[in-house]
Amino acid sequence: MSDASSLFPRHFRKDLPVAVRGEGCWLYTQDGHKFLDAAGSAAVVNIGHGVPEIAAAMSAQASQLAFAHTSQFHNAPAEKLAARLLALAPPNFQNGRVYFTSGGSESTETAIKLARQYFIEIGQPSRFRVVSRRQSYHGSTLGAMTVSGNLARRAPYAPLLPEWGHIAPCFCYHCPFEQTFPQCNVACADDLEHLLRQSDPSTATAFIFEPIVGATLGAAVPPDGYLTRIAEICRRHDLLLIADEVMTGLGRTGKPFAVQHANLEPDIILTGKGIASGYAPLGAVLVSAKVVEAFAQGSGAFKHGFTYQAHPVSTAAGNAVLDYLESHHLFARVQPVAEHLRAALAPLAAHPHVADIRGRGLLLGIELVRDKSMRAPFDPQQSIAEKTRIAAMDAGVLTYPTQGCLDGARGDHLLLAPPFILTPAESAQIAQALSSALTKVFRD
Ligand SMILES: Cc1ncc(COP(=O)(O)O)c(C=O)c1O
């Protein structure tokens, strides 16, 4: 990295270009290169870069009211966005409320504390722990890491993290029970029942899950019936159900929230990333009427808070992004765009190391394996996902690589999560760049 930089970087041995401009699906750098953002910059940029209406809305809000602390004031853009999000959510969120944060990890922290205090409010103070899944990711703060099951991201901090209980992932391509759907009868969902029976369920507040596991498993979609079974087990043991829609939320899978594909009614929905499409740091915790009621009828005060929660400029960005999604019919555009992207990627499946192209809507994963017939991963030392990212970037396309989908260390995949405005020509460019990247990586 450049000695001239004053930034504490994510990685000291990576030399990163400086991004200076974004427009549509493209990012431009100081040294004159341009890149097609096929990852939506980590599943963030839903409407595309450089939309002038969003900047104008943020500027107008900052000029009128940039900040008023939420201990003393509400503000109009937050109020408006909250009502709009609840209207998009499943029916049990009508009469719910929204708690705005500055991003996904803060949304997870908020949900963990909401669940804990909910049970205090209803007279069950023995409940405190949130159960989750291995091979999942819910954020980088300590509470969020406690529930995350991403081994590589947890490992250095293990002594700081209590173990609240993790169940098996739902990952058909590498089934942890070595079974096949539907004969498996979604045994991975029943793992929640087993864990609750083994460990006292009366100490658990909630189960948190990604409807489609993004970063860790590379867009692994659960089979039919999985989420319904999970919800049924939670209800039976009085656990709240927390859907982490930080990656999937606000249209990425073709519906406002991915749980709506399964007609699921979680108690809490988390968002971040796409809610303001990268124009401002923003997350939202949607709280269903049942949970709201417990606080309203109970102590009346949630013992939690962030200085920047419900920030007027961030929520103004959120409203402007939602205006743009609605006025350009972008929720409805996800499916047709996903179809042309899938069609463009389909020939890659013939590559000897492209194992599985999976996902829903515009959250797609491409898994790379050493041996397709055995579904055998590469040696992690080979850094295949990262090498493929670099080669695709050299070919002008940005992807989101991760290693460890199989067991936390082994398993390489690339995530694709482009803006919903992607054109067929851009889909073809993505496929072309990936094809040449694979040729380069496996030739070298
Ligand atoms: C499912 C999920 N939850 C939470 C987070 C954390 O969000 P943030 O990085 O905005 O804190 C992420 C980030 O990748 C995520 O994918």
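Heads up: the structure comes first, above all this text.
The paragraphs below set out a description of the structure included in this document. (Residues numbered from 1 in each chain as written. Predicted model: local features only at pLDDT ≥ 70, side-chain atom pairs only at ≥ 80, totals over all residues. Heavy atoms only, no water.)

### Looking at the overall build of the chain
In plain terms, the rule: Each helix is a run of H or I in the DSSP string that is no shorter than four residues. Each strand is a run of E no shorter than two, and both are numbered from the N terminus. C-alpha atoms define the radius of gyration, and 2.2 Å times the number of residues to the power 0.38 defines the globule rule. Burial classes follow relative accessibility: with a 1.4 Å probe on protein chains only, a residue under 20% of its type's maximum area counts as buried, one over 50% as exposed, and anything between as partly exposed. Two residues form a contact once any of their heavy atoms are found within 4.5 Å. The protein chains shown are the only cover counted for residues, whose accessible areas, like all others here, come from Shrake-Rupley with a 1.4 Å probe. Here Asp and Glu are counted as negative and Lys and Arg as positive; His is not counted, and neither are the chain ends. Where a charge lies is defined by one atom per residue type: Lys uses NZ, Arg uses CZ, Asp uses CG and Glu uses CD.
When its secondary structure is counted, the chain shows 13 helices and 15 strands. Here the chain has a C-alpha radius of gyration of 21 Å; the compact-globule value for 444 residues is 22 Å, and the two agree. With the principal axes as the frame, the chain shows a C-alpha extent of 65 × 55 × 45 Å. Buried positions account for 57% of the 444 residues belonging to the chain. Sequence separation of 24 or more characterises 72% of the internal contacts of the chain that already satisfy a separation of 6 or more. In the structure as shown, the chain presents an accessible area of about 19,100 Å², 55% of it carried by carbon and sulfur atoms. Of note, the chain has its 37 positive side-chain charges centred 1 Å away from the centre of its 38 negative side-chain charges.

### A closer look at the site of the ligand
Operational definition: By convention in this text, a residue qualifies as near a molecule or strand provided that one of its non-hydrogen atoms is within 4 Å of it. Distance and chemistry together define a polar contact, namely a pair of N or O atoms within 3.5 Å, with one atom able to donate a hydrogen and the other to accept it when in protein, and with adjacent residues in sequence counting only for side-chain atoms on both sides. Here the nonpolar group is Ala, Val, Leu, Ile, Met, Phe, Trp, Tyr, Cys and Pro; Asp, Glu, Lys and Arg are the charged ones; every other residue, Gly included, is treated as polar.
Taken together, Gly103, Gly104, Ser105, Tyr137, His138, Gly139, Glu210, Asp244, Val246, Met247 and Lys273 make up all the residues around the ligand. Here a nitrogen atom of the ligand and a side-chain polar atom of aspartate 244 are 2.7 Å apart. Between the ligand and lysine 273 there is a distance of 3.1 Å, counted from an oxygen atom to a side-chain nitrogen or oxygen. Burial of the ligand by the surrounding chains reaches 83%, relative to a free accessible area of 390 Å². Taken together, the residues that form the shell around the ligand break down as 3 nonpolar, 5 polar and 3 charged.

### Digging into unusual backbone geometry
Cis rather than trans, the peptide bond between phenylalanine 181 and proline 182 has omega equal to 5°. Turning to its location among the elements, proline 182 is positioned in the loop between β6 (166–167) and α7 (187–198). The residue valine 186 is not glycine, and still its phi comes out positive at about 40°. Looking at where valine 186 falls in the secondary structure, it is placed in the loop between β6 and α7.

### Here's the deal with the packing of aromatic side chains
For any pair of aromatic rings, the description rests on two quantities: the centre-to-centre distance and the angle between the ring planes. Filter applied, for reference: Any two of the Phe, Tyr and Trp rings considered here, Trp counted by its six-membered ring, make a pair once their centres fall within 6.5 Å; the pair's planes then place it as stacked at under 30 degrees, edge-to-face at over 60, or tilted in between. Two limits define a charge over a ring: the Lys NZ or Arg CZ must be within 6 Å of the ring centre, and within 35 degrees of the ring normal.
Tallied over the full model, the rule gives 7 aromatic pairs. Taken together, a centroid distance of 5.6 Å and an interplanar angle of 75° make the contact between tyrosine 99 and phenylalanine 302 edge-to-face. Taken as a pair, tyrosine 99 in strand β4 (residues 97–101) and phenylalanine 302 in the loop between α9 (289–297) and α10 (312–327) lie far apart in primary sequence, 203 residues in all. For the pair tyrosine 99 and phenylalanine 302, a shared accessibility class is recorded, and that class is buried. Relative to phenylalanine 442, the ring of phenylalanine 378 has its centre 5.6 Å away and its plane inclined at 25°; by these criteria the two rings are stacked. Taken together, the residues phenylalanine 378 in the loop between β12 (363–368) and α12 (384–394) and phenylalanine 442 in helix α13 (residues 424–443) connect sequence positions 64 residues apart. A residue is classified by how much of its surface remains accessible, and phenylalanine 442, at 26% relative accessible area, is partly exposed. Three or more aromatic residues joined by ring pairs form one cluster here, namely Tyr99, Phe295 and Phe302. Across from the ring centre of tyrosine 28, 4.1 Å away, lies the NZ or CZ of arginine 21, which sits over that ring.

### What about the sheet that holds strand β10 (residues 283–287)?
Here is the rule: For two strands to count as paired, DSSP must find a minimum of two bridges between them. Helix axes are fitted to C-alpha atoms over the stretch in contact, other axes to C-alpha atoms as well, and angles between N-to-C directions run from 0 to 180 degrees.
The mixed open sheet is built from 7 strands, whose spatial order is β4-β10-β9-β8-β7-β5-β6. With partners counted over all chains shown, the strands left at the sheet margins are β4 and β6, one partner each. Here 3 bridges tie strand β5 (residues 129–133) to strand β7 (residues 204–209), and the two strands are oriented parallel to one another. Looking at β7, one finds that valine 130 is bridged to alanine 206. Packed onto the sheet, helix α4 (residues 104–121) meets β4, β5, β7, β8 (240–244), β9 (268–271) and β10 and runs at close to 160° relative to β9.

### So, α7
Note the threshold: Take the residue count of a helix, subtract one, and multiply by 1.5 Å to get its expected span.
Along its 12 residues, α7 runs 16 Å from first to last C-alpha, staying within 8% of the 16 Å computed at 1.5 Å per residue. Within the sequence span of α7, burial applies to Ala187, Cys188, Ala189, Asp191, Leu192, Glu193, Leu195 and Leu196. Buried-residue contacts for α7 involve β5, β6, β7 and α8 (226–236).

### Side note on the nonpolar core
Here is the rule we go by: As used here, the term nonpolar core means buried Ala, Val, Leu, Ile, Met, Phe, Trp, Tyr and Cys residues forming a set that is joined through side-chain atoms within 4.5 Å.
Of all hydrophobic cores here, the largest spans 90 residues; its most connected members are Ile54, Phe100, Phe207, Leu345 and Ile430. When residues no more than four places from it in sequence are discounted, the contact partners of isoleucine 54 are Ile47, Tyr279, Ala317, Ala320, Val321 and Tyr324. Counting 24 residues, the second-largest nonpolar core is a separate cluster that includes Val130, Val246, Val291 and Val292.

### What about the packing of α4 against α9?
Here is the rule: Relative orientations are named as follows: roughly parallel for angles under 35 degrees, roughly antiparallel for angles over 145 degrees, roughly perpendicular for angles from 65 to 115 degrees, and oblique for any other angle. Each helix crossing is assigned a hand: it is left-handed if the near helix lies turned anticlockwise from the far helix by less than a right angle, otherwise right-handed if that turn is clockwise.
Closest axis-to-axis distance for the α4/α9 pair is 9 Å, and the angle between their directions is 55°. By the criterion of interaxial angle, the relationship of α4 to α9 is oblique. Crossing of α4 against α9: the hand is left-handed. Along the contact surface, α4 presents Leu114, Gln117, Tyr118 and Glu121, while α9 presents Lys290, Val291, Ala294 and Phe295. For the contact of α4 with α9, a count of residues per class yields 5 nonpolar, 1 polar and 2 charged.

### Topic: helix α3 (residues 76–88)
Taking 1.5 Å as the rise per residue, α3 with 13 residues should run 18 Å; its terminal C-alpha atoms sit 19 Å apart, in good agreement. For α3, the full list of buried residues reads Pro77, Ala78, Leu81, Ala82, Arg84, Leu85, Leu86 and Leu88. Looking at the buried residues of α3, the elements they touch are α2 (52–64), β4, β10, α10 and α11 (330–345). The N-cap residue of α3 is asparagine 75: its side-chain oxygen and the backbone nitrogen of alanine 78 are 3.0 Å apart.

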